[in-house]
Amino acid sequence: GLSVDGQGRVLGEHQGVASYTIGQRKGLGIASGAPLFVTHLDAAAARVTLGPRSAVLHHHLRAGGANWHCDPPEEFEATVQVRYNHAGGTGRVRRTGADGFEVTFAEPVLAITPGQAAVCYEGERLLGGGWIDAAW
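Calculation criteria
Residues numbered from 1 in each chain as written. Predicted model: local features only at pLDDT ≥ 70, side-chain atom pairs only at ≥ 80, totals over all residues. Heavy atoms only, no water. Helix = DSSP H or I, 4+ residues; strand = E, 2+ residues; numbered from the N terminus. Buried < 20%, exposed > 50% of the residue type's maximum accessible area, 1.4 Å probe, protein only. Polar contact = N/O pair within 3.5 Å; in protein donor to acceptor, adjacent residues only side chain to side chain. Contact = heavy atoms within 4.5 Å. Pairing = 2+ DSSP bridges. Axes fitted to C-alpha atoms, helices over the stretch in contact; angles between N-to-C directions.

Engineer: Teacher, can you tell me more about the side chain of D5 here?
Structural biologist: The topology assignment puts D5 in the loop between β1 (2–4) and β2 (10–13). Assessed through its relative accessible area of 12%, D5 is described here as buried. A distance of 2.9 Å separates a polar atom in the side chain of D5 from the backbone nitrogen of Q7. Polar side-chain contacts of D5 include one of 2.9 Å to the side chain of R9. Beyond its immediate chain neighbours, meaning those up to four positions away, D5 contacts L11, T49 and L50.

Now the structure itself:
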């Protein structure tokens, strides 16, 4: 498969989309003047898109399939964890329908990845979570 930049220009070849994760910086096999990060994976096209760190920093996410362990208000502040080892970022959570929510983070978060869980906490208390659909 091919590794490309954000404009689709070929940067090199890769060892298979399954070998990479969004936000990955090491082991890309591409020489560049500035550090490159995996910004998008397209398994169907066997394409790995690479870009600057800014391309994998996001302030917002949308999630579905929400499961709440409490009855949260329409909007609330929470610490939102976007991957297993992520410490979590402070954000404003807004419920969107019965099983969806959006988060606006106070500071940009690295590598918010569709398909991963977004889990909301108040301190140590688990409020609930869902599956990330999009990040921007």
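Engineer: Could you clarify how one ought to interpret the sheet that holds strand β4 (residues 47–51) in this entry?
Structural biologist: Across a sheet, paired strands are connected by hydrogen bonds in the backbone, their directions being either parallel or antiparallel. Strands sit in the order β2-β1-β4-β3 across an open sheet of four strands; the sheet is mixed. The sheet is open, and its two borders are formed by β2 and β3 (37–42), each paired with just one other strand. Direction aside, the axes of adjacent strands within the sheet are offset by 30 degrees on average. As judged from the three bridges shared by β1 and β4, these two strands associate in the parallel manner. Looking at the pairing, L2 lines up with R47 of β4.

All quantities given are derived from atomic positions and should not be read as evidence of function.
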